[in-house]
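Single-letter residue listing:
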Amino acid sequence: MKTIGILTGGGDCPGLNGVIRAVVRSGVQQGYRTIGIRNGWQGLIEGEVEPLTDFSVSGIISRGGTILGTSRTDPLKNPADFERIKNTMKKFAIDALVVVGGNGTLTAAHEVATRGIPLVGVPKTIDNDIPETDMTIGFDTAVSIVTGAIDRLHTTAESHHRIMVVEVMGRQVGWIALKAGIAGGADEILIPEVHFTMDDVCNNLKARYTAGKKFSIVVIAEGTPLEDIRDHSVPESDLDECGHEKFVGVGNLLGRELERRLGIETRVTNLGHVQRGGTPTAFDRVLATRFGVAAVDQIRMGNFGTMVALQRAHVVTVPLSSIAHRLKQVEPELYAVAKTTMGGRR
Ligand code: F6P
């Protein structure tokens, strides 16, 4: 019997367990056994694995996070680690891998695949920034969490006649901010892909007040550069172990500046890791299941070095080379839609 190894790498997100369950169950149907690798690439390096069965994945589709654990380990940082990966695969007779990850994990998967390891990638990240797929697992849930939070902030903003700044995740892209901002009826959506000045923002908010709308909701993506107000005494950024920028809280910078310039009481909410926690939406559960089943199909067909993807409602495969080291930014048409419906603009 052939063996599939599955790992989840990078930041967790709702929907990962749905992929694990689908891979195991589809594997059972097609005559594979599945081994779960703990904590992303780290488990493959350390040989930390656990057998997964039809029974052991029961009931996990609705659970957030990942039952396998995750890490941001780079499998190619140290050449000795790659040898250890090959040894683990040999020791547990793993014939092929399903690698569930975001940009960092899938870029590494591409490099690992070019070194001869048979694998198929599955795109997950709340940021939705992986090219060649319309959606990544976890994004729909994050958008729904943020939309719910904006709805709640609306009522208190209105009662107190305040500006509410909401900082959301997304790294270098504004997908969560834009979609949740549209759904929540935000009055300003500030994202890294669209250049703006503080004067623009203040003028728009002032126009709302003049028109009689005495509160505003401003959504800002964490990676948005605030060039004209950055306090240069604060270090711009730090890097995490994967070389990703750690964000310093643009929401607070923005909130402080809006209050100073407009003289309107302003409060800031940073939704943080709440956006990644808890149960996946039905959409994410279904997408995770479709991706998991498709990944096993690709393994059966020997179509390695690929990633399963959603394009125009269909699950397809693309080469990992087409997504490695690349980012999917928001579509200008979607931002234009948001702009049209933001309140108070002239
Ligand atoms: O990539 C997913 C993500 O949640 C980003 O939106 C965020 O910037 C980052 O991970 C946070 O990472 P960590 O889990 O290391 O705090």
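Refer to the structure presented above.
Residues numbered from 1 in each chain as written. Predicted model: local features only at pLDDT ≥ 70, side-chain atom pairs only at ≥ 80, totals over all residues. Heavy atoms only, no water.

Colleague: Would you mind going over the packing of helix α7 (residues 198-210) against helix α8 (residues 250-262) with me for this structure?
Modeller: Think of two packed helices as two axes; the pair is described by the angle between the axes and how far apart they sit. Direction vectors running N to C along α7 and α8 enclose 60°, while the axes themselves pass 11 Å from each other. Classified by the angle between their axes, α7 and α8 sit oblique to one another. In this structure, α7 meets α8 at a crossing whose hand is right-handed. Taking contact as the criterion, the partners of M198, D199, V201, C202, L205 and K206 in α7 are, on α8, L254, E257, L258, R261 and L262. Across the contact of α7 with α8, the residue classes break down as 7 nonpolar, no polar and 4 charged. (Axes fitted to C-alpha atoms, helices over the stretch in contact; angles between N-to-C directions. Helix = DSSP H or I, 4+ residues; strand = E, 2+ residues; numbered from the N terminus. Parallel < 35°, antiparallel > 145°, perpendicular 65-115°, else oblique. Left-handed = near helix turned anticlockwise from the far one by under 90°. Contact = heavy atoms within 4.5 Å. Nonpolar A, V, L, I, M, F, W, Y, C, P; charged D, E, K, R; others polar.)

Colleague: Explanation requested: the site of the ligand in the structure shown.
Modeller: Around the ligand sit R72, I126, D127, M169, G170, R171, E222, F247, H273 and R276, and those are all the residues in its vicinity. Take H273: an N or O atom from its side chain is 2.8 Å from an oxygen atom of the ligand. Coverage of the ligand by the protein amounts to 77% of the 400 Å² it exposes when considered alone. Residue composition of the shell around the ligand, grouped by class: 3 nonpolar, 2 polar and 5 charged. (Near = heavy atom within 4 Å. Polar contact = N/O pair within 3.5 Å; in protein donor to acceptor, adjacent residues only side chain to side chain. Areas by Shrake-Rupley, 256 points an atom, 1.4 Å probe, with all protein chains shown as cover.)

Colleague: How should I be thinking about helix α3 (residues 79-91) in this particular structure?
Modeller: Residues separated by three or four positions in an α-helix point in the same direction, a consequence of the helix having 3.6 residues per turn. If you check α3, its first and last C-alpha atoms are 19 Å apart, about what 13 residues at 1.5 Å a residue would give, namely 18 Å. Inspection of α3 places D81, F82, I85, T88 and M89 among the buried residues, and these make up the whole buried set. Each buried residue of α3 lies within a common arc of 115° when the element is viewed along its axis, so the set occupies one face. Away from the buried face of α3 by more than 90 degrees, exposed residues P79, K90 and K91 are located. If you follow the buried residues of α3, they end up packed against α2 (41-46), β3 (49-52), β4 (96-101) and α4 (103-114). The N-cap of α3, judged by a side-chain oxygen 3.0 Å from the amide nitrogen of A80 a few residues on, is N78. One or two positions beyond α3, positive phi appears at A93, with a value near 55°. (Expected span 1.5 Å × (residues − 1). Buried < 20%, exposed > 50% of the residue type's maximum accessible area, 1.4 Å probe, protein only. Arc of directions from axis to C-beta.)

Colleague: For this particular structure, what's the right way to read the environment of T155?
Modeller: Considering the arrangement of structural elements, one finds T155 in helix α5 (residues 139-160). Judged by relative accessible area, T155 falls into the exposed class, the value being 51%. Among the polar contacts made by the side chain of T155, one reaches the main-chain carbonyl oxygen of R152 at a distance of 3.0 Å.

Colleague: What is the right way to read the nonpolar core from this model?
Modeller: One recurring pattern in soluble globular proteins: nonpolar side chains tend to sit buried together. Among the nonpolar cores identified, the biggest contains 61 residues, and I6, V98, V122 and I217 are the most heavily contacted of them. With 8 residues, the single largest contributor to this core is α5. Formed jointly, this core draws a minimum of three residues from each of two domains, domain 1 (2-138 + 280-322) and domain 2 (142-275). With 26 residues, the next largest nonpolar core counts L7, W41, L44 and I117 among its residues. (Core = buried A, V, L, I, M, F, W, Y, C linked by side-chain atoms within 4.5 Å. Domains from an automatic or database assignment.)

Colleague: I keep staring at the packing of aromatic side chains and nothing clicks. Help me out?
Modeller: Each aromatic ring pair is specified by the distance between its two centres and by the angle formed by the two planes. Evaluated as defined, the whole model comprises 1 aromatic pair. Note on F139 and W175: the rings are 6.4 Å apart at their centroids and 85° apart in plane angle, and the pair reads as edge-to-face. Taken as a pair, F139 in helix α5 and W175 in helix α6 (residues 175-184) lie far apart in primary sequence, 36 residues in all. Overall, W175 belongs to the buried group, its relative accessible area being 3%. (Phe/Tyr/Trp six-rings, centres within 6.5 Å; stacked < 30°, edge-to-face > 60°.)

Colleague: Hey, could you run me through the pattern of salt bridges in this one?
Modeller: Between side chains of opposite charge, pairing is possible as soon as their charged atoms come close. Counted under the stated rule, the structure contains 15 salt bridges. Between D81 and R84 there is a salt bridge, and its shortest N-O distance comes to 3.8 Å. Separated by 3 residues within a single helix, D81 and R84 lie in helix α3, roughly one turn from each other. Here D81 falls in the buried class, since its relative accessible area comes to 13%. On the basis of relative accessibility, which here comes to 36%, the residue R84 falls in the partly exposed class. The shortest N-O distance in the salt bridge between E257 and R261 comes to 3.0 Å. Within this pair, E257 and its partner R261 are both found in helix α8, separated by 4 residues, close to a single helical turn. If you follow the salt bridges from partner to partner, you end up with D199, E257, R260 and R261 in one network. (Salt bridge = Lys/Arg side-chain N within 4 Å of Asp/Glu carboxyl O.)

Colleague: Whenever I open this one, the pairing of strand β13 (residues 314-319) confuses me. Can you help?
Modeller: Residues in a regular strand point their side chains to alternate faces of the sheet. Sheet analysis places strand β12 (residues 306-311) next to β13, joined by 6 bridges and oriented antiparallel. Counted as the bridge partner of M307 is V318 from β13. Hairpin connection, β12 to β13: the antiparallel pair is bridged by 2 residues, and R312 has positive phi, about 50°. (Pairing = 2+ DSSP bridges.)

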